[in-house]
Amino acid sequence: LIQSEKPDLIIIDYEPFTSNYLRIWRPAIPSFTVDHQSVFVSPMFPYRKIDFALNIITRLFSYAKIRLCSSFLDYGQTGSFYCIPPIIRNEVLKAKTSDDGSILVYHSTATAMDKERIKKICPKDRSMIFYGYESETVRNITFKPKGDDFLRDLAKCHLYVTNC
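Residues numbered from 1 in each chain as written. Predicted model: local features only at pLDDT ≥ 70, side-chain atom pairs only at ≥ 80, totals over all residues. Heavy atoms only, no water.

Helical geometry note: an α-helix holds 3.6 residues per turn, so side chains three or four residues apart project in the same direction. Listing the buried residues of helix H2 (residues 16–25) in full gives Thr18, Ser19, Tyr21 and Leu22. Buried positions in H2, seen along its axis, are confined to an arc of 160° and lie on one side of it. Turned more than 90 degrees away from the buried face of H2, the exposed residues are Phe17 and Ile24. Against helix H1 (2–5), strand E1 (10–12), strand E2 (31–34) and helix H3 (52–61) lie the buried residues of H2. Between a side-chain oxygen at the N-terminus of H2 and the backbone nitrogen of Phe17 the separation is 2.8 Å; the capping residue is Glu15. Where H2 terminates, the next one or two residues include Arg26, which has phi positive at roughly 45°. (Buried < 20%, exposed > 50% of the residue type's maximum accessible area, 1.4 Å probe, protein only. Helix = DSSP H or I, 4+ residues; strand = E, 2+ residues; numbered from the N terminus. Arc of directions from axis to C-beta. Contact = heavy atoms within 4.5 Å. Polar contact = N/O pair within 3.5 Å; in protein donor to acceptor, adjacent residues only side chain to side chain.)

Laid out in structure tokens, this is it:
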């Protein structure tokens, strides 16, 4: 696909196929990875030499000419590695937080089959909100599409779970 489309720029996010294409073929196309995992291969990361498996996996999944990662800790800039603080929207910073006891779940790849399974296995004693689905409320479970309610629900939940 890269050879046929001839892109001007390749941007990856912890994805092994493109990462290894870049490693093996080394195209002249500028490339960079935007992910938080690149911090694991930063020369300033304290566990870089200790956690061999993490280092290898990160190198396989996030190879690019430039690594751009986000971290609350400052791992600086060295060579082609750049670490920046997370970009947090003003709405998040200004949100009034509380704890309504709910569990908030965000699925990036939700299916109708997932939704039916969730209805069967969720505990009945806890309010649960699932994002990434068509709107529906069943007992204590609320399904919502991705949208503006998310920040409001995030600010008041007890626990946040995501696969993103």
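Additional details are given in the paragraphs that follow.
Turning to the nonpolar core, a few remarks are in order. In this structure, Ile103, Val105, Ile118, Cys122, Met128, Phe130, Tyr133, Ile141 and Phe143 together form the largest nonpolar core, which totals 9 residues. If you list the elements that add at least two residues to this core, you get strand E6 (103–106), strand E7 (128–131) and strand E9 (141–144). Core analysis: the second largest hydrophobic core is formed by 8 residues, Ile2, Ile10, Ile29 and Tyr63 among them. (Core = buried A, V, L, I, M, F, W, Y, C linked by side-chain atoms within 4.5 Å.)

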